[in-house]
Each structure stands twice: as structure tokens, then as C-alpha cells.
Amino acid sequence: MESRKEVFLGHVVLVIGALIALYPFGSILFQALTPAPGSTAQGLTLENFVGAWTRGGFSRSLLNSAVVAIIVVLLTAVVAVLAGYALSVLRFRFRTIVFGVLLVGLVMPSESRIIPLYSMFQSLGLLNTRLALILPQVASSFPLAAFWMSNYFAQLPKSLQEAAALDGAGEFATLRHVYAPLGMTAVATLSCLVFLYTWNEFMLALVLMPDDASVQTAPLSLSFFAGNERTTEPEVIAAAAVLVALPVVIAYFILQRRFMKGLLEGAVK
Amino acid sequence: MTDSPSRSSSTNSRRAAKRPAAGEALSPFKARHLLYLLPGLAIYIVFSIVPILQTLEYSFYRWDGITPARWVGMRNYVALLTNPKTLSTFGHGLVMILFYAVLPTLIALFIVAIMTRVRIRLLGFFRTVLFLPQILATVVVAVAWRWIYANDGPINGVLDFLGLGFLSRAWLGDFDTALPAVGLIGTWVSFGLCMVLFIGGVQRIDRGLYEAARLDGAGPFREFMAITLPSLQGEISIALILGVTNALRNFDIVWNTTSGGPGTSTLVPSYFIYEAAFIVRNVGLASAAAVLLTLVILLMTGAIGRTMRQRH
């Protein structure tokens, strides 16, 4: 039923769309590989990356980002598995109230909590620490993560719980030996999503760690580094941007199914 | 009411954090189940729910963040809704909705309409590439587009090449073009997501419907209006809800491209909130703006969800 002309036209449109989607990142990648003015390098070069790495302190900020993101992902996964188990398998009485409270966090923008968070961490003396970035991000990931795990556990057969109970396993043992191992695929997709959000977070980092370069995350460092256009060549800034994007881009191309599933299902919720 | 908001609310947060544990006494069975919820819920309540309530509280005070706060009732809200500068800020937010939600949805619908009858080869590849803008850090997106819009960037290069050099300018630094230039970055971020959503939706449509429509002599336009558009309602509402939310929360891109300038031509609500709270230090006014922004987001996304569901 499909005519040749339609097939051709449809794919031409798709290719144009794909090129538009690729162009901005492709162009900074190309710019980053181009020798900066005053450089003696010919053709394509990696020296801009070396420049960004040493002058922009990106070895430290990329490490900070990794530490923050990994801790947020692990913490979120643990509390979400526990909560999802309670909400779906144990099915205690007030769970609709809990779902309602979680829904609030799903729809609220971070602007609605950023000012008191700043005051809170200021009075605790925790501004400019990694903790000030980790805790709010676990808090903002928790509603989606709890719904996610709860939905996943709820679709597993009831007989699992009954069989575990017959074997004399208690509630926690059932979670540890039956539900948690089965939930690992859901945890993996969820973790991709949480990692992505945490790695890319900008506003919380800007407000909660503005003054101490030694704890700042990569997007924040990039923002400050790119702000010094008068002293830094655009080629080096482009290299810095590629460095910041690269871990996520590589993870995305390796785990694209998981990312896509996570982003689409996360969006639907 | 001279109590500073931060002090009065720190007792709130302690009380709120304990609330789930208070159920322990009722029945041992329930208490054990609450233990599973407690770690996540405690972090969530202390660092999300309590701050949200505190923002509401701050919005009724005049406070510089240091000296004692003064209760001013609704005056922050009145100030926001009567000041032309803040009103234009929210107006810019609405313009952003056009670029972040409406435009990408229309573009993606148009493209999908062309392709409804085609089985797509390499669908996985196209999906991956179209999704790429979604996973890039907004700061990286901003750096890339700053170069695209720059004086010596590719847009001006193409204009020069076409002999239209008189049109070239610093797109992000020009009063007339800065706002749409920032908006188009949002269109670029969103259009791939819309396309992936809609392509997925179209492939679920029963092929028989199209064959029946064609037997009835329907042209491509009738076919689109009668079959494709109604079938995609769920996906369209998701695309619009995400687009509206991102448009109104457009802080990162603005901060990293124009900082609200030139003048206040790209000042958007979330940037205004940041500036008022952390630079001008009018915490009450910033909080009131945050409350208004949240209300606008909730009302608009709620309305989109509702109309789409009713039509379904």
C-alpha cells in the first residue's frame, strides 16, 4: 500500500530531522577538534581538550559530577525499592495518601523549593558541599522512582509472595531474595533516568554550591568557564562542552534502549 | 509575626519528618510497613514538601534573607501583578510556550502526517538521533547554540553566502531577535521528542482504518484529520504538557545564553525568581513569583490533560 514516492519523501524528511538534531552537537565537536588561533597544530587536534582539562579544572568537576550522580542513583534505588515494595506488595492501608503526597513532588517545579533549600543549607552550614546537592536530588527523584518500582512490583505474580511465605521467609527476606533481584531490570532503567537528570542538573548546583570550585559539578564549571569568553578561545570552550556531554552521550549510545524506555515512560507519568 | 520564616519553619520540618513514624503506636503490623517507606519519604518530605510549603510562607513576608522578616500579606502578589516588568516576564513565559510546546508539536505532526503510510526503515537509528537533544546537558546546548547564533557563526555565514549579509547580526544580543532566538533553542530540544512520541503513536493505529478511509475516497488531509489526529491525542497531550513545563521553567538556557538581556527582553519567570531571591535579595517577592509560576504550570498542564481526556 505504500508508494515509492511516499517512502522516499518520508525518509528524506526523517534524514533532515536527524541532521537538525545532530548539527549543534556535531558543530561543537568539530570546533573542539579545530586548532585554536595561535596553535601550531595542523588539521584536527586534541589539544583543546587538554587545554580545557587543565585550565578549566574539568578533571575535578567531572569527578564531582560522577560522585554526586552515583550517590544519588544508589540512594534513590535503595529507598525506591523499599518504598515500592511497601506500596505494591505489602499494600498497607494509607497507601493512597502516600501516593497523593508523592504526586505533589512529581508535578512541582524546582523553582517552588529552591529558595527555602538555600536558607536551610545556609543555616546548617552546608552550602558549597556535595551533600547540599545530593539530598535535594534524591528528594526530587524519589516520587518518580517510588511509582516506578511500585508499578513494576505490582505486575509480578502474587504467587511469588505466597511461595516465599510458605518457605517461611519474612517480609524483608522476601524483598531481599525474591523481589529485589527480580526488580533489577526496572532499577537499571530507572537508574539511567536518575543519572541523566542528576548529571545535567544546573539550577540546584548554581544556587547550592556557587562559591567553591572544588565541589562544583561539570555543568556548573562549564557555565563559568564559558562565561570567560574574553580570556578563553571558543575552541577550548567547545572542547569543555564536549567533555561535559561525553559521559552521558556515550552511556546513551550504549544503553539507548534503557534511556529511551526510561525517558518515554518517565514522561508519560 | 516578627519571627523569621527560616526559624519558624525549621520546627515545621522537624515535625513533618517525624509524622510517618508517629503511626507506629497504632498497630505493629502497619508500623513495620511504614519502616520501608520511611527512608525515602523522610528525605522527600524534608527536602521537597517542606521547602514547597516554606516558599508559600515566605511569599507573605518582606524579607532580605538576613534581617527579621515582616508580614506583608498579599502585597508581594499585588506588586507582581501590577508591575509592568514582572508582567512582561510572565508574557515572555507565554511566548516560550509557543516555541517549546506549540511549534514542535505542529512541526512533528506535519512530518508524521507525511509518513503515516510509510513503514520506516532504521526506525531505531532515527529514534536515537532525534532523542539526542533530550539527553544533552542544557549548558552544553546553550554553548552550542551561542556559537550558532554568534556574529561569526554559521547562521550569519549562510546569510552572507546568500548575499543577505545585511540581515546578519548577533542574534542573541539584538532586542528584536533575542527572545525568538532563545525560543528556537527550545523548539530544537523538543521537536525530536515530539516526533518519537508521535511516530510511536502512529504505528499503533490499525492499518485497516486507513484502507477503509481510502475506499471511502478520503484524501491525505481528510485521512489525517479523521484518523491520525484523534488517535494521537494521548501523545499530543504528553508533548504539550512537557513542552509547557519546560517553557515556563526555562532557566538554564536563558542563564547560559542571554542572562535575561539585552535589557529585559529575555527575562523569563524562573530567571526573575533567581535574580530576585539571590541577587536583589527580595526573598518574599521571589517566593510569590515562584508560587505564581507553580500555579500557572499546574493550571495549564491540568487543563491540557483534562481537555485531551474529555475528547478521547
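Since this is a predicted model, take the numbers as computed values, not measurements. (Residues numbered from 1 in each chain as written. Chains lettered and ligands numbered in written order. Predicted model: local features only at pLDDT ≥ 70, side-chain atom pairs only at ≥ 80, totals over all residues. Heavy atoms only, no water.)

Draft legend 1. Structural context of the overall build of chain A. The secondary structure content of chain A amounts to 13 helices and 0 strands. The linear arrangement of helices and strands in chain A, starting from the amino end, is α-α-α-α-α-α-α-α-α-α-α-α-α. Counting across all 269 residues of chain A, residues that qualify as buried make up 55%. The contacts in chain A between residues at least 6 apart in sequence include a share of 74% that link residues at least 24 apart. Accessible surface, chain A as shown: approximately 11800 Å² in total, 66% of it carbon and sulfur. (Helix = DSSP H or I, 4+ residues; strand = E, 2+ residues; numbered from the N terminus. Buried < 20%, exposed > 50% of the residue type's maximum accessible area, 1.4 Å probe, protein only. Contact = heavy atoms within 4.5 Å. Areas by Shrake-Rupley, 256 points an atom, 1.4 Å probe, with all protein chains shown as cover.)

Draft legend 2. Quick peek at the interface of chain A and chain B. With 86 residues of chain A at the contact, the number on the chain B side is 83 residues. The interface formed by chain A and chain B includes 1 salt bridge. For A:Glu111, the salt bridge is made with B:Arg249, and the minimal N-O distance between the two is 3.2 Å. If you tally residues by element for the side of chain A that touches chain B, the top one is helix α1 (residues 4-33) of chain A, at 19 residues. Considering only residue class, the side of chain A that touches chain B consists of 66 nonpolar, 13 polar and 7 charged. (Salt bridge = Lys/Arg side-chain N within 4 Å of Asp/Glu carboxyl O. Nonpolar A, V, L, I, M, F, W, Y, C, P; charged D, E, K, R; others polar.)

Draft legend 3. Quick look at unusual backbone geometry. Of note, the amide linkage connecting B:Gly261 to B:Pro262 takes the cis form, showing an omega dihedral of -5 degrees. Residue placement: B:Pro262 occurs in the loop between α12 (252-257) and α13 (269-278). Not every positive phi belongs to a glycine, and A:Asn128 is a case in point at roughly 60 degrees. Here A:Asn128 is to be found in the loop between α5 (114-123) and α6 (131-154).

Draft legend 4. Quick look at the packing of aromatic side chains. According to the stated counting rule, one finds 28 aromatic pairs over all chains in the structure shown. Centre to centre, the rings of A:Phe142 and B:Tyr44 are 6.0 Å apart; their planes meet at 45 degrees, and the pair counts as tilted. Taken together, the residues A:Phe142 in helix α6 and B:Tyr44 in helix α2 (residues 28-58) connect one chain to another. There is no split in this pair, since A:Phe142 and B:Tyr44 are both buried. An aromatic cluster is defined as three or more aromatic residues linked by ring pairs; in this entry it consists of A:Tyr118, A:Phe202, B:Phe251, B:Trp255, B:Tyr271, B:Tyr274 and B:Phe278. Over the face of the ring belonging to B:Trp171 we find B:Arg169, whose NZ or CZ atom lies 5.2 Å from the ring centre. (Phe/Tyr/Trp six-rings, centres within 6.5 Å; stacked < 30°, edge-to-face > 60°. Lys NZ or Arg CZ within 6 Å of the ring centre and 35° of its normal.)

Draft legend 5. Highlighting the packing of helix α5 (residues 123-135) of chain B against helix α8 (residues 178-203) of chain B. Residue and element names in this part refer to chain B. Running from amino to carboxyl end, α5 crosses α8 at an angle of 145 degrees, the nearest separation of the two axes being 6 Å. The way α5 lies across α8 gives a crossing that is left-handed. Two secondary-structure elements touch here, α5 through Leu123, Arg127, Leu130, Phe131, Pro133 and Gln134 and α8 through Trp188, Val189, Ser190, Phe191, Gly192, Leu193, Met195, Val196, Ile199 and Gln203. Classifying every residue of the contact of α5 with α8 gives 11 nonpolar, 4 polar and 1 charged. (Axes fitted to C-alpha atoms, helices over the stretch in contact; angles between N-to-C directions. Left-handed = near helix turned anticlockwise from the far one by under 90°.)

Draft legend 6. Region of the structure containing the environment of A:Leu193. Residue and element names in this part refer to chain A. Position of Leu193 among the secondary structure elements: in helix α9 (residues 184-200). Each C-alpha atom, one on Leu193 and one on Tyr85, is 20 Å from the other, the two residues being 108 residues apart in sequence. Apart from residues lying up to four places away in sequence, Leu193 is in contact with Leu144, Trp148, Gly262, Leu263 and Gly266.

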